[in-house]
Amino acid sequence: MCLSVLYECEDPSGYRPEEEKEFMDILEERRRSSDLGHALRTFTPSPYKGAPPLSAGALNRKVLESQYLRYITKEVAMETGESVDLVREEASGILEEMSQNLQLGFIRLLGFTLSKVFKRLFSHINVNQEGLNRLQQAIQESPVILMPNHRSYVDFLVLSYILFTYDLPIPVIAAGIPLMDMKMVGEILRRSGAFFIRRAIGSDKLYWAVLSEYVKTIVRTGYAPVEFYVEGLRSRTLKSLTPKLGMMHMVLEPFFKGEVYDIKLVPISISYDRVLEESLLAHELLGVPKPRETTMGLLKARRVLEEDYGSMHVYFGMPLSVRQLTKGRVDRCEYNLLPRDLPQRPSVETQECVSWLAQQVIRVQEQNSILSPWSLMACLVLQGLSWELLTQKTLRLKGLAISFGARLDWPGRCTVMASSMALHRSVIRCHRGRVTLLEEEEGPVGAGPFTTEEGVVRRARAVLMVAAYRNQALHVFIRPAMLALAVHTTQGSRREDIYSSFRFLLDLFSNDFIFITGRSSQDFEEACSLLRKCGAVQTSQQEVTSPEEGQSTTSFLRALLQPFIDAYQVVFSHLCVEDVAVFTERQMVPAVRSLATKLLLSGELKSYEALSSDTQKNVLSALLRLGAVTRLRTGFCVLLLIANKPAIRRLADTLGKNVEMTCPTPFIISNE
Ligand SMILES: CCCCCCCCCCCCCCCC(=O)SCCNC(=O)CCNC(=O)[C@H](O)C(C)(C)COP(=O)(O)OP(=O)(O)OC[C@H]1O[C@@H](n2cnc3c(N)ncnc32)[C@H](O)[C@@H]1OP(=O)(O)O
Ligand SMILES: O=C(CO)COP(=O)(O)O
């Protein structure tokens, strides 16, 4: 490892290490005292308004006996011609499959096991104490919904562990059904608070009814805090995902119907120095199917215990009052028109409000997430630098990130960047003064272009792993980056024209990045203000210009967007070729991958990220949203899609205006 202590110690950013003090390392105490004592200690959390204890069985009975479920049961019986009793039995079966059975004994058992595991995996688990105090308060005042981001299987384990450690009520957690099928483990999770939901519910009316009544009853009674992952799955790219709205609707309905005075949404940001599943997730992006969740698989994965994953941060955000946030956004009177027990489709206004709330929560998750030095280094490593330049530029980037409002975990040590590199040695290393990506078997990258598809995949895997950590930081830079690109691509400097290019980018990329609907002008103003602050643009009422001295910042920001632009252009190219007319997503992804591989091999494309299935699917969603791809309604179960080639070409042309198709600063990396 080549160290450049001198460069690392120079810190032009004015960063104040005392800002770190808000976090407490929960492993510190665990390293000093008995794990058994911790697991067996008195646990007396104060519930919501002293809610009386309700057993899991009693909760289920309440759900089954509800007027709402009775009504739906009759409706389904009428629609299907089955007897009411049979439909009731089906409902009971769904509930049995779904319901949690939280038991303190299992929490203690897992508490003990997790203390051992976490100490092996992480050097610190840092939690913001103030956030826990706020949570404690919120739990007593209103039903609370815990809404963490989702990056790893560790997320839900660590959250319940933290709540147990701080004597807070253990949450019940919406879990995907595959976890239920794990031998023994599924049952342990159920007894630790998991309730299991099917992934794609589609139009199964009875299932929706049972699930929503189950969730609403928990919220109404204050049975326990509800935890769910609004992104719906672990983000393979470590970027936030577009929220799923089913659970969101369910937890909010008791408020909309006036059954509870308020509900508090608690955004939780979980950030990892290194994610346990990093390699598997990168493979999945390249088309390798996800291994099925099995107990045997879990046992085999114990190898992870031998590795170091650095630290993690869990930031409990300010509880958001749904009552306050929705004031003036929804008219709850619409719910007075029908008895509460009857099903009612939410109005368009309510749907928009629910979607807006979900975006708000994700935005807060992003703002509160803690960036590691490695995340910033990854922004630059992918632009290709020597070690000395990398350390210098990272320090400068740190200053920029702080001025853009990022929260950093930057330990005071001089060798922090070298330690970050060491933590990620499975993918990157410093070789003869150069930073090189490491690929399985082949050693350092840079010996020349890859000549085989296999080589491309190996390199892509390494690139995607590094890119994921860069992605953790993108929410900080994305708006300024889009402004920098808009300034660069717009002819002239008229503010109006630049805003219009900025809006185009915002709109096109809004499946890849979370932008709050209807806020584009505020996003533009925010981007102007941030770039002005660092001298990268000058603005007046009529103009936005980019002065010479701001060029290095703006070209860095533009380069952050380049892999996405390249990936979008590859999908556009694929869909515009003659023989692609009607297609399915399943056909499109491998076909785009094959085109991208060809372009990478021929050297016409430099961005390996164009191989990522996540980006490809986001492009497709964007095209569907923009009407450049349409759904063909047929009787088939698969969704057939039609590409509107002229519309796609127009998008490609607008995006391509003055933007090169390939990455201007490819992933270095020379072998001296
Ligand atoms: C001390 C130590 C202790 C340690 C102790 C450890 C504890 C350890 C516990 C383990 C715990 C594991 C935890 C794992 C974590 C995950 O497994 S994360 C994955 C599972 N969780 C989630 O996915 C939650 C987020 N997902 C959602 O909310 C999704 O919407 C749902 C509910 C899953 C449904 O998904 P979907 O079928 O794909 O539906 P979605 O696209 O949302 O909506 C489809 C349509 O139905 C419509 N719809 C919505 N609601 C309704 C309704 N009620 N009726 C009819 N239609 C409706 C929608 O409007 C939508 O319509 P369109 O807009 O398409 O026209
Ligand atoms: O979210 C899950 C449980 O954590 C499982 O879904 P994924 O494996 O698709 O991320």
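Everything numeric in this text was worked out from a predicted model, so none of it was measured.

Draft legend 1. Representation of empty space enclosed by the protein in the model. On inspection of all chains with the given rule, the structure shows four cavities of 30 Å³ or more. A volume near 250 Å³ is recorded for the largest cavity. In this structure, the largest cavity is lined by 21 residues; those nearest its centre are R151, L238, S240, Q472 and H475. Counting only elements with at least two residues in the lining of the largest cavity, the list comes to β7 (264-272), α16 (348-368), β10 (370-371) and α20 (453-489). At six residues, α20 tops the list of elements feeding residues into the lining of the largest cavity. Classifying every residue of the lining of the largest cavity by side-chain character gives eight nonpolar, eight polar and five charged.

Draft legend 2. Summary view of the pattern of salt bridges. All told, the structure shown has 35 salt bridges when counted by the stated rule. Linking K290 and E293 is a salt bridge whose minimum nitrogen-to-oxygen distance equals 2.7 Å. Judged by relative accessible area, K290 falls into the partly exposed class, the value being 33%. For R479, the salt bridge identified is with D523, shortest N-O distance 2.9 Å. One end of the pair, R479, is in helix α20; the other, D523, is in helix α22 (residues 520-533), with 44 residues separating them in the sequence. When its relative accessible area of 2% is taken as the criterion, R479 is described as buried. Among the charged side chains, a network of salt bridges with common partners joins R30, D35, K116 and K119.

Draft legend 3. Layout of the site of ligand 2. Around ligand 2 sit H150, Y153, F156, R199, L233, R234, R236, K290 and E293, and that is every residue in its neighbourhood. Taking H150, its side chain carries an N or O atom lying 2.7 Å from an oxygen atom of ligand 2. With respect to ligand 2, the side chain of R199 contributes an N or O atom lying 2.7 Å from an oxygen atom. In isolation ligand 2 has 300 Å² of accessible area, and contact with the protein removes 92% of it. When grouped by side-chain class, the residues that make up the shell around ligand 2 number three nonpolar, one polar and five charged.

Draft legend 4. Region of the structure containing the packing of aromatic side chains. Under the criterion given, the structure shown has 19 aromatic pairs. Ring geometry for F256 versus Y335: centroids 6.2 Å apart, planes at 0 degrees, classification stacked. Taken as a pair, F256 in helix α12 (residues 246-256) and Y335 in the loop between α15 (322-326) and α16 lie far apart in primary sequence, 79 residues in all. A single burial state applies to F256 and to Y335, both of which are buried.

Draft legend 5. Structural view of helix α19 (residues 416-423). In terms of burial, α19 is largely enclosed, as six of its eight residues are buried. For α19, the full list of buried residues reads V416, M417, A418, S420, M421 and L423.

Draft legend 6. Quick look at the layout of surface pockets. Taken as a whole, the second largest pocket encloses approximately 1,600 Å³ of empty space. For the second largest pocket, the lining is made up of 48 residues, of which L276, G297, L298, A301 and V304 are closest to its centre. Mapped by element, the contributors of at least two residues to the lining of the second largest pocket are α7 (104-121), α9 (154-165), α10 (185-190), α13 (278-285), α14 (295-300) and α20. If you tally residues by element for the lining of the second largest pocket, the top one is α7, at seven residues. Tallied by class, the residues present in the lining of the second largest pocket amount to 27 nonpolar, six polar and 15 charged.

Draft legend 7. The domain arrangement of the protein chain, seen in detail. For the protein chain, the domain assignment lists domain 1 (21-368), domain 2 (375-438) and domain 3 (561-657). Once you take the C-alpha centre of each, domain 1 and domain 3 turn out to be 34 Å apart. Facing seven residues of domain 1, the contacting portion of domain 3 comprises seven residues. A buried area of about 510 Å², summed over both sides, lies between domain 1 and domain 3, and 52% of it is on carbon and sulfur atoms. When the area that domain 1 buries against domain 3 is broken down by residue, the three leading residues are K239, L285 and L286, summing to 70%. For the pair domain 1 and domain 3, the number of links is zero salt bridges. Where domain 1 meets domain 3, there are two residue pairs in polar contact (both at pLDDT 80 or more). Classifying every residue of the side of domain 1 that touches domain 3 by side-chain character gives three nonpolar, two polar and two charged.

Reading the values: the criteria
Going along each chain's sequence as written, the residues are numbered from 1 onward. Chain letters start at A and ligand numbers start at 1, both assigned in the order the entries are written. Confidence filtering applies because this is a predicted model: local features only for residues at pLDDT of at least 70, side-chain atom pairs given and counted only at 80 or more, and all residues used for totals across whole chains, interfaces and linings. The basis for every side-chain value is the complete set of heavy atoms in the structure, and neither hydrogens nor water enter the calculation. Only protein atoms enter the calculation, which uses a 1 Å grid: trapped sets of points that fit a 1.4 Å probe without letting it out are cavities, open sets showing protein on both sides within 12 Å along at least five of seven lines are pockets, and any residue with an atom within 4 Å of a point is a lining residue. Grid points are joined across faces, edges and corners, and a volume is the space filled by probe spheres set on the points. Secondary structure is summarised from DSSP: a helix means a run of H or I of at least four residues, a strand means a run of E of at least two, and numbering begins at the N terminus for each. Residues are sorted three ways: Asp, Glu, Lys and Arg are charged, Ala, Val, Leu, Ile, Met, Phe, Trp, Tyr, Cys and Pro are nonpolar, and all the rest, Gly among them, are polar. In what follows, salt bridge is the name for a side-chain nitrogen of Lys or Arg lying within 4 Å of a carboxyl oxygen of Asp or Glu. Only protein chains enter the area calculation, which uses a 1.4 Å probe; residues under 20% of their type maximum are buried, those over 50% are exposed, and those in between are partly exposed. We call a residue near a given molecule or strand whenever any one of its heavy atoms falls within 4 Å of it. Nitrogen and oxygen atoms within 3.5 Å of one another constitute a polar contact, given that in protein one can donate a hydrogen and the other can accept it, and given that sequence-neighbouring residues count only through two side-chain atoms. The Shrake-Rupley method, run with a 1.4 Å probe, gives the accessible areas here. Residue values count only the displayed protein chains as cover. Stacked, tilted and edge-to-face are the three classes applied to pairs of Phe, Tyr and Trp rings, where Trp contributes its six-membered ring and a pair requires centres within 6.5 Å; stacked means planes under 30 degrees apart, edge-to-face means over 60, and tilted covers the rest. Domain boundaries shown here were taken from an automatic or database domain assignment. In this analysis, two residues are considered to be in contact whenever any of their non-hydrogen atoms come within 4.5 Å of each other. For any pair of parts, buried area is found by adding up, for both, the accessible area (1.4 Å probe) each one loses once the two are put together.

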